[in-house]
Amino acid sequence: MTAAPSSTPFSTCDFCDEHKGDMSGSFRVLPPVFQSFGGVAAFAGPVSTVKCHEDNTQVKAAVESPGEGRVLVVDGGGSLRRALVGGNLAAAAARNGWAGLVVDGCVRDVAELNAAAVGLRALGLMPLPTERRGEGQRDVAVQIQGVWVWPGDWLYADADGIVVSTQPLAA
């Protein structure tokens, strides 16, 4: 199967129709709690992960590295107290070739986020930045709103939702 890069149209609804009977766990749907930010409405790619709590040191390191069309999934533990991504990090993600970011936490600088050429989903907006303490982990299994996501999975996000698969899905 070939991947559906973020520039190829796809439908998460169609993916769900195709995989609705999949009980293997290889196809997962994230809960509908994420808001859309960023200048790209739909995005897809292989997953890279960051696990952190109110410290975006590892998020910054990730988006400043080559994205190569990947999607950064950030397990912020669902915290609504600090923003893990702001305008500068969204711009860095776009500049470095990340297809998108999914943040189980908050973001800030909404005007800058919307101007960045990257897809972005997050729980909400919070103007408070994080304290950088050098904590967090990269490319580990994360649980996003109760759904496990592993590095190397494929994530697809569009206006209808976010799905994750162990294999690339054909559009």
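Model, not experiment: these values are computed from the prediction.

Scoring rules and cut-offs
Residues numbered from 1 in each chain as written. Predicted model: local features only at pLDDT ≥ 70, side-chain atom pairs only at ≥ 80, totals over all residues. Heavy atoms only, no water. Helix = DSSP H or I, 4+ residues; strand = E, 2+ residues; numbered from the N terminus. Rg over C-alpha atoms; globule rule 2.2 N^0.38 Å. Buried < 20%, exposed > 50% of the residue type's maximum accessible area, 1.4 Å probe, protein only. Contact = heavy atoms within 4.5 Å. Salt bridge = Lys/Arg side-chain N within 4 Å of Asp/Glu carboxyl O. Phe/Tyr/Trp six-rings, centres within 6.5 Å; stacked < 30°, edge-to-face > 60°. Core = buried A, V, L, I, M, F, W, Y, C linked by side-chain atoms within 4.5 Å.

Asker: Would you take a moment to explain the overall build of the protein for this structure?
Answerer: Within the protein, the secondary structure is distributed over 4 helices and 12 strands. Relative to the globule expectation of 16 Å for 171 residues, the C-alpha radius of gyration of the protein, 15 Å, shows essentially globular dimensions. In terms of its C-alpha atoms, the protein occupies a principal-axis envelope of roughly 45 × 30 × 25 Å. Burial analysis of the protein (171 residues in total) assigns 48% to the buried set. Long-range pairs, those at least 24 residues apart, make up 75% of the contacts in the protein with a sequence separation of at least 6.

Asker: Explanation requested: helix H3 (residues 87-95) in the structure shown.
Answerer: Since one α-helical turn is 3.6 residues long, residues separated by three or four positions face the same way. Among the residues of H3, those classed as buried are Gly-87, Leu-89, Ala-90, Ala-92 and Ala-93. The elements touched by buried residues of H3 are helix H2 (57-63), strand E5 (83-85), strand E6 (100-107) and helix H4 (110-115). Just downstream of H3, Gly-97 is the residue with a positive phi angle, here 85°.

Asker: Can you help me understand the pattern of salt bridges in this one?
Answerer: Should the charged atoms of two oppositely charged side chains come close, the side chains can pair. All told, the structure shown has 6 salt bridges when counted by the stated rule. Across the pair Arg-28 and Asp-153 runs a salt bridge, and its minimum N-O distance is 2.3 Å. Linking Arg-28 in strand E1 (residues 27-29) with Asp-153 in the loop between strand E10 (147-149) and strand E11 (154-158), this pair joins segments that are 125 residues apart in sequence. Here the two residues Arg-28 and Asp-153 agree in accessibility, since each one is buried.

Asker: Sorry if this is basic, but what is going on with the packing of aromatic side chains here?
Answerer: Between two aromatic rings, the relevant description is the distance of the centres plus the angle of the planes. In the structure shown here, the tally under the stated rule is 4 aromatic pairs. Geometrically, the ring pair formed by Phe-10 and Tyr-156 is edge-to-face, given 5.4 Å between the ring centres and 75° between the ring planes. Remark: Tyr-156 occurs in strand E11 and Phe-10 occurs in the segment before helix H1 (12-19); sequence separation between them is 146 residues. There is no split in this pair, since Phe-10 and Tyr-156 are both buried. Geometrically, the ring pair formed by Phe-15 and Tyr-156 is edge-to-face, given 4.9 Å between the ring centres and 70° between the ring planes. Placement of the pair is Phe-15 in helix H1 and Tyr-156 in strand E11, with a sequence separation of 141 residues. Taken as a pair, Phe-15 and Tyr-156 share a single burial class, namely buried. Here the aromatic residues Phe-10, Phe-15 and Tyr-156 are joined through ring pairs into a cluster of three or more.

Asker: Explanation requested: the nonpolar core in the structure shown.
Answerer: Nonpolar side chains tend toward joint burial in soluble globular proteins. In this structure, Val-59, Val-63, Leu-72, Val-85, Leu-101, Val-103 and Val-107 are the most contacted members of the largest nonpolar core, which totals 23 residues. For this core, the secondary-structure elements that each account for two or more residues are H2, strand E4 (71-75), E5, H3, E6 and strand E7 (119-125). Ranked by residues supplied to this core, first place goes to H3 with 4 residues. Grouped together as the second largest cluster of nonpolar side chains are 17 residues, Val-47, Ala-99, Leu-123 and Val-149 included.

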